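Structure assessment
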Amino acid sequence: MQSLQQLLDLDRLHVWHPYAAMPNLLPVFPVESAQGVRIQLMDGRSLIDGVSSWWTCIHGYNHPRLTQAAHAQIDRMSHVMFGGLTHQPAVDLTAKLIAMTPTELQHVFFCDSGSVAVEVAMKMAIQYWYNRGLPQKQHFLTIRNGYHGDTFAAMSVCDPVNGMHHLFRNILSQQYFAEAPQVTFDRDWQERDIDSFAALLVAHHDRIAAAIFEPVVQNAGGMRFYHPEYVRQAKALCEQYNVLLILDEIATGFGRTGKLFACEHAAVCPDFLCVGKALSGGFMSLAATLTTREVSESFAAGKAGVFMHGPTFMANPLACAVSLENLALLESYDWQSTIRAIETQLKTELEPCRSLAAVKDVRVLGAIGVVELHDPANMQAIQPRFVEEGVWLRPFGRLIYTMPPYIIQPSELTAITSAIYKIVARI
Ligand SMILES: *Cc1c(COP(=O)(O)O)cnc(C)c1O
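These lines cover the structure that appears in this document, whether it is placed above or below. (Residues numbered from 1 in each chain as written. Predicted model: local features only at pLDDT ≥ 70, side-chain atom pairs only at ≥ 80, totals over all residues. Heavy atoms only, no water.)

**Concerning the overall build of the protein chain**
Along its length, the protein chain carries 13 helices and 16 strands. Over its C-alpha atoms the protein chain spans a radius of gyration of 22 Å, differing by no more than 12% from the 22 Å that the globule rule assigns to 427 residues. In terms of overall dimensions, the protein chain has a C-alpha envelope of 60 × 55 × 45 Å along the principal axes. Contacts in the protein chain between residues at least 24 apart in sequence constitute 71% of all its contacts with a sequence separation of at least 6. In the form shown here, the protein chain has an accessible surface area of approximately 18,700 Å², with 55% of it arising from carbon and sulfur atoms. Looking at charge distribution, the protein chain has the averaged site of its 32 positive side-chain charges lying 3 Å from that of its 40 negative ones. (Helix = DSSP H or I, 4+ residues; strand = E, 2+ residues; numbered from the N terminus. Rg over C-alpha atoms; globule rule 2.2 N^0.38 Å. Contact = heavy atoms within 4.5 Å. Areas by Shrake-Rupley, 256 points an atom, 1.4 Å probe, with all protein chains shown as cover. Lys, Arg positive; Asp, Glu negative; His and termini not counted. Charge placed at Lys NZ, Arg CZ, Asp CG, Glu CD.)

This is how it looks when you write it as structure tokens:
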């Protein structure tokens, strides 16, 4: 059998990791298995997962109900193509998503990743205006500090600095970037926060197919919580200027911010809603773009007729079956109280970080806790320190954050917050 060292050597020399170079000089920790909120490393250590495997496994690893749903589906079929065929898991999951989201959202397009869900929404928005005889509406309005994925169209609406647009400037579509909202979630709303967004819309709406942003919480672009009134006003402006609205809830969807969807903080229904990440409970890669009758029905009447997009693994039955069970599981308990309890505990236990010299801000919303530093942390040095403390976190830039599984116990959450305090205190 291969030794642990051989595995690590092969990995470092040949396996590309996210946001890494080759050969990979950043530490990677080999995983043996995972159960509940714990990741079991091959060297025998066990870590409490404070990031839910990039915000996906909201009910932890190997949840018996999800595992059971997967087994049952595998025994029937793990996959079948979706062109010309359909199946119960896809239809049932569609019905569930339609029931959970704002009423106007009636049509669901499944794909395998969040980035593609964003691509699909952007393509549909352009084709909608083509169908309506306005083919010049091909650009997008977004806000700085956003993150929408790593494929080209998605990347074109990511923050230009974080997204390294200069590298791809000749191939990326030019989009419109409003200033990032400044009024935070719990402050008093100030009208001028929407000015930049409004000005771009007034000047360029003839060329803009849709506005796209993450409602209320900007995630990978900075872990920023902003005022729901911004979302409300953006929606009203979009309607006024004949521009569609794409809300990217790939990170915020399914309870994370304390509402089922973050757009509910603003009581706004978008023309497109993108979901992914927690959809399958972290079990499989599945994402979806939901849209309205108004948008979808323009396609039948349009010159092009169909929507030219169809992933090979579209609506994979195994992923749909597990996702359906994950959403049924979410609905089976009082998740609102669970998120509120996590929020209260995070607020209490992260607050002491505020007085640490390295800390610029501490903020909590729903099951998201953020400690923002004055200066970018050396991630290479910090990550192993968290591992030594028995917790799995993945800080980036100036941000140390936790988005734990909803099933986390108070003592386990305390292990995470005390590790954050201890390590930030040493910076
Ligand atoms: C993660 C994320 C994406 C991209 O999803 P992938 O599945 O990684 O392609 C898009 N938008 C938001 C808000 C995300 O958090």
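Back to the text.
**Points about the layout of surface pockets**
Approximately 590 Å³ is the volume found for the second largest pocket. Considering the residues around the second largest pocket, the lining is formed by 26 residues, among which His17, Val28, Phe29, Trp392 and Arg394 are closest to the centre. At the level of secondary structure, the elements contributing two or more residues to the lining of the second largest pocket comprise helix H1 (4-14), strand S1 (31-35), strand S2 (38-41), helix H2 (52-55) and helix H12 (379-388). (1 Å grid on protein atoms, 1.4 Å probe; cavity = no way out; pocket = protein on both sides within 12 Å on 5 of 7 lines; lining within 4 Å. Points joined across faces, edges and corners; volume = space filled by probe spheres on them.)

**What about the packing of helix H4 (residues 88-100) against helix H10 (residues 317-331)?**
Here H4 crosses H10 at 35°, and the two axes come no closer than 8 Å. For the pair H4 and H10, the sense of crossing is left-handed. Contacts between H4 and H10 involve Pro89, Ala90, Asp92, Leu93, Lys96, Leu97 and Met100 on the former and, on the latter, Pro317, Cys320, Ala321, Ser323, Leu324, Leu327, Ala328, Leu330 and Glu331. Taken together, the residues of the contact of H4 with H10 break down into 12 nonpolar, 1 polar and 3 charged. (Axes fitted to C-alpha atoms, helices over the stretch in contact; angles between N-to-C directions. Left-handed = near helix turned anticlockwise from the far one by under 90°. Nonpolar A, V, L, I, M, F, W, Y, C, P; charged D, E, K, R; others polar.)

**Some thoughts on the packing of helix H11 (residues 335-350) against helix H13 (residues 410-425)**
The relative placement of two packed helices is expressed as an angle between their axes plus a distance between the axes. The geometry of H11 relative to H13 is characterised by a closest axis approach of 10 Å and an angle of 30° between their N-to-C directions. The chirality of how H11 crosses H13 is right-handed. For the pair H11 and H13, the contacting residues are Ile342, Gln345, Leu346, Glu349 and Leu350 in the first and Pro410, Leu413, Thr414, Thr417 and Ile420 in the second. Each residue belonging to the contact of H11 with H13 can be placed in one class, and the counts come to 6 nonpolar, 3 polar and 1 charged.

**Here we look at the sheet that holds strand S16 (residues 399-402)**
Strand order in the open sheet made by the 3 strands is S13-S14-S16, with antiparallel pairing throughout. A strand with exactly one partner marks an edge of an open sheet, and here the two such strands are strand S13 (359-365) and S16. Pairs of neighbouring strands in the sheet enclose a mean axial angle of 10°, with direction left out of account. By the bridge criterion, 4 bridges tie strand S14 (residues 368-373) to S16 in an arrangement that is antiparallel. Note on S16: the bridge partner recorded for valine 371 is isoleucine 400. (Pairing = 2+ DSSP bridges.)

**Here's the deal with the environment of glycine 390**
Among the structural elements, glycine 390 can be located in the loop between H12 and strand S15 (391-392). The residues touching glycine 390, leaving out its near neighbours within four places in the chain, are Ser46, Leu47 and Ile48.

**Side note on the site of the ligand**
As a matter of local geometry, the ligand sits amid Trp55, Ser113, Gly114, Ser115, Tyr147, His148, Gly149, Glu214, Asp248, Ile250, Ala251 and Lys277. One of the side-chain nitrogen or oxygen atoms of aspartate 248 is found 2.6 Å away from a nitrogen atom of the ligand. Within the side chain of lysine 277, one N or O atom sits 2.6 Å away from an oxygen atom of the ligand. Residue composition of the shell around the ligand, by class: 4 nonpolar, 5 polar and 3 charged. (Near = heavy atom within 4 Å. Polar contact = N/O pair within 3.5 Å; in protein donor to acceptor, adjacent residues only side chain to side chain.)

**Side note on the nonpolar core**
Residues Leu97, Phe197, Phe254 and Ile420 are the most contacted members of the largest nonpolar core, which totals 130 residues. At 10 residues, helix H5 (residues 114-131) tops the list of elements feeding residues into this core. What phenylalanine 197 contacts, discounting residues up to four positions off in sequence, is Leu141, Ile143, Ala178, Ala211, Phe213, Tyr230, Ala234, Leu237 and Cys238. If you look at the next biggest cluster of nonpolar residues, it comprises 5 residues, including Ala70, Leu318, Val322 and Leu329. (Core = buried A, V, L, I, M, F, W, Y, C linked by side-chain atoms within 4.5 Å. Buried < 20%, exposed > 50% of the residue type's maximum accessible area, 1.4 Å probe, protein only.)

**Some words on unusual backbone geometry**
The omega torsion across methionine 22 and proline 23 is -15°, close enough to zero to call that bond cis. For proline 23, the position within the fold is in the loop between H1 and S1. You will see that tryptophan 54, though not glycine, has its phi angle at about 55°, which is positive. Here tryptophan 54 is to be found in helix H2. Even without glycine at this site, methionine 223 takes up a positive phi of about 50°. When you line up the elements, methionine 223 lands in the loop between strand S8 (217-218) and strand S9 (224-225).

**Focus on the sheet that holds strand S3 (residues 46-49)**
Ordered in space as S1-S2-S3-S15, the 4 strands form an open sheet in which the pairing is mixed. Whereas interior strands pair on both sides, the edge strands pair on one side only; in this sheet they are S1 and S15. Its contacts with the sheet place H13 against S3 and S15, and it is angled at close to 90° to S3.

**What to know about the state of the cysteines**
One pass over the structure, following the stated rule, counts 0 disulfides. With no disulfide of its own, cysteine 320 has cysteine 111 as its nearest cysteine by sulfur position, at a separation of 11 Å. (Disulfide = S-S within 2.5 Å.)

**Some details on the side chain of glutamine 73**
Mapped onto the elements of the fold, glutamine 73 is located in helix H3 (residues 64-76). The class for glutamine 73 is buried, based on a relative accessible area of 4%. Not counting the four nearest positions on each side in its chain, glutamine 73 is found in contact with Ser78, Pro89, Pro317, Leu318 and Ala321.

**With respect to helix H8 (residues 228-240)**
Spanning 13 residues, H8 covers 19 Å between terminal C-alpha atoms, matching the ideal 18 Å at 1.5 Å per step. Taken together, the buried positions of H8 are Pro228, Glu229, Tyr230, Val231, Gln233, Ala234, Lys235, Leu237 and Cys238. Looking at the buried positions of H8, the neighbouring elements they touch are strand S5 (139-143), strand S6 (176-178), helix H7 (195-204), strand S7 (208-213) and strand S10 (244-248). Taken from the residues just after H8, asparagine 242 is the one with a positive phi, measuring 60°. (Expected span 1.5 Å × (residues − 1).)

Honestly, that's just the spatial picture; any functional story needs more than this.
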